[in-house]
Amino acid sequence: MMFHLFHCHMRVTVILLLSCFSCKAFTISSTRSSLLSHAVEQQQRLYDRRRLGMSICRMGSLTIRISKNDINNINNMVTDDEPYEIKPPIPSCSIVIREATEGDIPIMAKILTDGFHRETTNFFTYPVMRLDTFINQTFRFSDRIGARYGTFVACHATADGKVVGCCEVDDALTKGEIDPAPRPYMCNLAVDKEFRRMGVAGALVLNSERVVRTEYERSLLHLRMREGNQAAFDLYVGLGYRVQSKYVNAKDETVLLMAKTLDPVE
């Protein structure tokens, strides 16, 4: 009986918390709607300025189709004295990468929450974390979008365009960040658990490099990752990234700063 009462009490508490956050999200959405609309207009204008050699889909979004031939040029990115074997990601499914829109934020929030917080949340805290991620992405979409910042999603070309992964590329000036990463910086790379180990993450990385090299005209791309994530480490090393430094964050996690020198534009 006591357990049943406790369980009911916890469910009511979670519902109240979610209601509170939902009200907050609605308020944010209402007060920032004009900013979001302006951001979407900015993004559409940005599409017209990009020259990345990408195909245009019917919605007018830039896309890049990743195939085996697109990754053959990375076979010589690691010097002979490096102890790691290059294993370029070959997508086992047809992937289309495009810039994210406001409508992609809910599924991006789910993918990011599953990728970064699933193991540290439970039945009660997961919905709150997912909603917090959604709110954070809404702010980022409206505040940070521009010529030096991009959010990209990977879509399954044969599954009704389902979004199966996402990442961000940031070369904008920092805005009050604590211990900001060097720019340009790739972050928030995550893939739907049903589509992992299919080359989706590698396709997103290659697209980020294309943006940094061709549009931003920069020759170095940085990223951060938690030490111990062997799958991610093997992916980045296989693509030519190397550890520059590491530090311990506020959660007592060891974080690696990795970087890669990009080939010049031909």
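Residues numbered from 1 in each chain as written. Predicted model: local features only at pLDDT ≥ 70, side-chain atom pairs only at ≥ 80, totals over all residues. Heavy atoms only, no water.

### Here we look at the overall build of the protein
Let me state the cut-off plainly: The way it works is that DSSP assigns letters per residue, a run of H or I at least four long becomes a helix, a run of E at least two long becomes a strand, and they are numbered from the N terminus. Exposure categories follow from relative accessible area, calculated using a 1.4 Å probe and restricted to protein chains: below 20% of the type maximum is buried, above 50% is exposed, and the middle band is partly exposed. What makes two residues a contact is simply this: any of their non-hydrogen atoms within 4.5 Å. For every accessible area listed, the method is Shrake-Rupley and the probe measures 1.4 Å; residues are considered covered only by the protein chains on display.
Secondary structure assignment for the protein yields 6 helices and 9 strands. Counting every position in the protein, which comprises 266 residues, the buried fraction comes to 44%. For the protein, the share of sequence-separated contacts (at least 6 apart) that also reach a separation of at least 24 residues comes to 66%. Roughly 15,100 Å² of accessible area belongs to the protein as shown, and the carbon and sulfur atoms make up 55% of that amount.

### A closer look at unusual backbone geometry
Between R183 and the following residue, P184, the backbone shows a cis peptide bond with an omega angle of -10°. Among the secondary structure elements, P184 is positioned in the loop between β5 (163-170) and β6 (185-191). Phi angles above zero are rare outside glycine, and N188 is one such case at about 50°. By secondary structure assignment, the location of N188 is in strand β6. Look at R197: it is not a glycine, yet its phi comes out positive at around 60°. Inspection of the secondary structure puts R197 in the loop between β6 and α5 (200-215).

### Structural notes on the pattern of salt bridges
In plain terms, the rule: Salt bridge, as used here: a side-chain nitrogen of Lys or Arg that lies within 4 Å of a carboxyl oxygen of Asp or Glu.
Going through the model one piece at a time under the given rule, you end up with 12 salt bridges. For D179, the salt bridge identified is with R224, shortest N-O distance 3.7 Å. Separated by 45 residues along the polypeptide, D179 in the loop between β5 and β6 and R224 in strand β7 (residues 220-226) bring together distant segments of the chain.

### Things to note about the pairing of β6
Two faces, one strand: in a regular strand the side chains alternate between the faces of the sheet. Note the cut-off: Two strands pair if DSSP finds at least two bridges between them. Looking down the strands as they point away from you, a crossover is right-handed if its path from the first strand over the helix to the second goes clockwise.
The buried fraction of β6 amounts to 6 of the 7 residues, a majority that puts the element mostly inside the structure. As defined by bridge partners, β6 adjoins β7 across 2 bridges and the pair is classed as parallel. By the bridge assignment, Y185 is partnered in β7 with H222. Handedness of the crossover joining β6 and β7 through α5: right-handed.

### Description of the nonpolar core
Our working rule: The definition of a nonpolar core used throughout is a set of buried Ala, Val, Leu, Ile, Met, Phe, Trp, Tyr and Cys residues joined through side-chain atoms within 4.5 Å.
Core analysis: the biggest nonpolar cluster contains 33 residues, and V200, M225, Y236, Y241 and M258 have the highest contact counts within it. Elements represented by at least two residues in this core include exactly β3 (95-99), β4 (149-156), β5, β6, α5, β7, α6 (230-238) and β9 (254-261). The element contributing the most residues to this core is α5, with 8 residues. The next biggest cluster of nonpolar side chains, apart from the first, holds 9 residues, and it includes A100, I111, V163 and C166.

### Section: the packing of aromatic side chains
Which entries qualify depends on this criterion: Pairing of aromatic rings covers Phe, Tyr and Trp, the last counted by its six-membered ring, and requires centre-to-centre distances within 6.5 Å; plane angles under 30 degrees mean stacked, over 60 mean edge-to-face, and any other angle means tilted. Either the NZ atom of lysine or the CZ atom of arginine qualifies as a charge over a ring when it sits within 6 Å of the ring centre and within 35 degrees of the ring normal.
Taken as a whole, this structure holds 2 aromatic pairs when the rule is applied. Between F123 and F124, the ring centres sit 5.3 Å apart and the planes meet at 85°, which makes this aromatic pair edge-to-face. The exposure class assigned to F123 is exposed, which follows from its relative accessible area of 58%. F124 gets classed as partly exposed once you look at its relative accessible area, which sits at 26%. Between Y236 and Y241, the aromatic rings sit 5.9 Å apart at their centres with planes inclined by 70°, giving edge-to-face as the arrangement. Across this residue pair, the class does not change: Y236 and Y241 are buried. Above the plane of the ring of Y126 lies R118, whose end atom (NZ or CZ) is 4.0 Å from the centre.

### A look at the pairing of β9
Here β9 lies mainly inside the structure; 6 of its 8 residues are buried. In terms of strand pairing, β7 meets β9 through 7 bridges, oriented antiparallel. Each residue of the ladder has a partner; that of L221, found in β9, is K260. Here 6 bridges tie strand β8 (residues 242-248) to β9, and the two strands are oriented antiparallel to one another. Looking at β9, one finds that Y247 is bridged to V255. Counted between consecutive antiparallel strands, the loop separating β8 from β9 contains 5 residues, among which D252 sits at a positive phi close to 60°.

### Concerning the side chain of T121
Definition in use: Two N or O atoms count as a polar contact when they lie within 3.5 Å, although within protein this holds only if one can serve as hydrogen donor and the other as acceptor, and sequence-adjacent residues are included solely when both atoms are side-chain atoms.
Along the chain, the position of T121 falls in the loop between α3 (105-117) and α4 (125-144). Look at T121 and you get buried, because its relative accessible area is 16%. Separated by 2.8 Å, the side chain of T121 and the backbone oxygen of H117 make a polar contact. Those residues in contact with T121 that sit more than four places away from it in its chain are Y126 and M129.

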